[in-house]
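Geometric and topological summary
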Amino acid sequence: VTIDFVFLHGVPLCIKNARRRPAAMTPPAEMLYIGKYSSAKGLPSLLDAFDLLAPQRPHLLLHIAGDGSGLEAETLRKRMTTMPRVLLHGQITQPELADLMRRSTVVVLPSFFEGLPLVLVEARACGARLVATNLPGVVEELTPRLGDALELVGESLGERGAKRADVAGARAAAAADPFRAGPAP
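All figures in this text were calculated on a predicted structure; none of them were measured in a lab.

**A look at the pairing of strand β8 (residues 150-153)**
Examined bridge by bridge, strand β7 (residues 129-133) and β8 share four bridges and lie parallel to one another. Following the sheet pairing, alanine 132 is matched in β8 by leucine 152. Taking the sense of rotation as the criterion, the β-α-β connection linking β7, helix α5 (residues 136-146) and β8 turns out right-handed.

Okay, here's the thing in structure tokens:
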């Protein structure tokens, strides 16, 4: 088995080549973002990372569950509707969200500001891998409980937010590859 490393924004994307299936047989890798259409939640950086990785991963999908209001949300909504493999679900019911979490390879929390994001616990209970920015509530409360299922990104808690979210988006897209090296859910 050979392992290739590709670096995107300083994040190593590790892929075991021997496990790759032919493109016609590769199932979609599905990422999920849950939240408000907002820069504070890191959504623009996740979309930027998705734009960079999508051409390299033709089966990668990004599901967006949530909504927003105002000019910022409308600008993000317009951008997402032009992206061919971004699926907007809007506000959905808890059973629909649970089903979406079960289908997702990875749930991404690229937010700059969170308290204790229980959505990560819910997503893990549904079997998804987790990628989140290195935020105090995540580090202090969730990392000890979620272990290897949670991938933290960002160099430190004091790092500039835009860089953290950009790295989170890139790492999430890499984690969405079900054939990458690393622990499975």
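**A closer look at the confidence of the model for the protein chain**
Low-confidence regions, as indicated by low pLDDT, have predicted coordinates that should not be scrutinised in detail. Taken over all residues, the pLDDT of the protein chain has a mean of 77, while the share at 70 or more is 69%. When the elements of the protein chain are averaged for pLDDT, strand β2 (residues 11-16) gives the smallest value, 36, and helix α2 (residues 71-81) the largest, 97. Low confidence marks residues 1-25, where pLDDT is under 50. Its contacts with residues over four positions away, or in another chain, come to 49 contacts. Contacts for the low-pLDDT stretch residues 178-185, under 50 throughout, to residues beyond four places or in other chains number 20 contacts.

**Quick look at the sheet that holds β7**
Strands pair in a sheet through their backbones, by hydrogen bonds, and they do so in one of two ways: parallel or antiparallel. Ordered in space as β5-β4-β3-β6-β7-β8, the six strands form an open sheet in which the pairing is parallel. Each edge of the open sheet is held by one strand with a lone partner, namely β5 (86-90) and β8. On average, adjacent strands in this sheet sit at an angle of 20° to one another, irrespective of strand direction. Here helix α1 (residues 43-53) sits on the sheet and contacts β3 (29-34), β4 (60-65), β5 and β6 (106-109); the angle it forms with β4, its principal contact strand, is near 165°. Sheet strands touched by helix α3 (residues 94-103): β3, β4 and β5. Its angle to β3, the strand with the most contacts, is close to 140°.

**A look at the pattern of salt bridges**
Across all of its chains, the model carries eight salt bridges by this definition. Residues aspartate 51 and arginine 79 are paired through a salt bridge, measuring 3.1 Å at the closest nitrogen-oxygen approach. Remark: arginine 79 occurs in helix α2 and aspartate 51 occurs in helix α1; sequence separation between them is 28 residues. Taking relative accessible area as the criterion, aspartate 51 reaches 39% and is therefore assigned partly exposed. Note that arginine 77 and aspartate 67 form a salt bridge whose closest N and O atoms lie 2.4 Å from each other. Within this pair, whereas arginine 77 is found in helix α2, its partner aspartate 67 is found in the loop between β4 and α2, the two being separated by 10 residues in sequence. In this structure arginine 77 comes out as partly exposed when scored by relative accessible area, which is 21%. If you follow the salt bridges from partner to partner, you end up with Glu30, Asp99 and Arg103 in one network.

Thresholds applied
- Residues numbered from 1 in each chain as written.
- Predicted model: local features only at pLDDT ≥ 70, side-chain atom pairs only at ≥ 80, totals over all residues.
- Heavy atoms only, no water.
- Pairing = 2+ DSSP bridges.
- Helix = DSSP H or I, 4+ residues; strand = E, 2+ residues; numbered from the N terminus.
- Right-handed = clockwise from strand over helix to strand, strands pointing away.
- pLDDT = per-residue confidence, 0-100.
- Contact = heavy atoms within 4.5 Å.
- Axes fitted to C-alpha atoms, helices over the stretch in contact; angles between N-to-C directions.
- Salt bridge = Lys/Arg side-chain N within 4 Å of Asp/Glu carboxyl O.
- Buried < 20%, exposed > 50% of the residue type's maximum accessible area, 1.4 Å probe, protein only.

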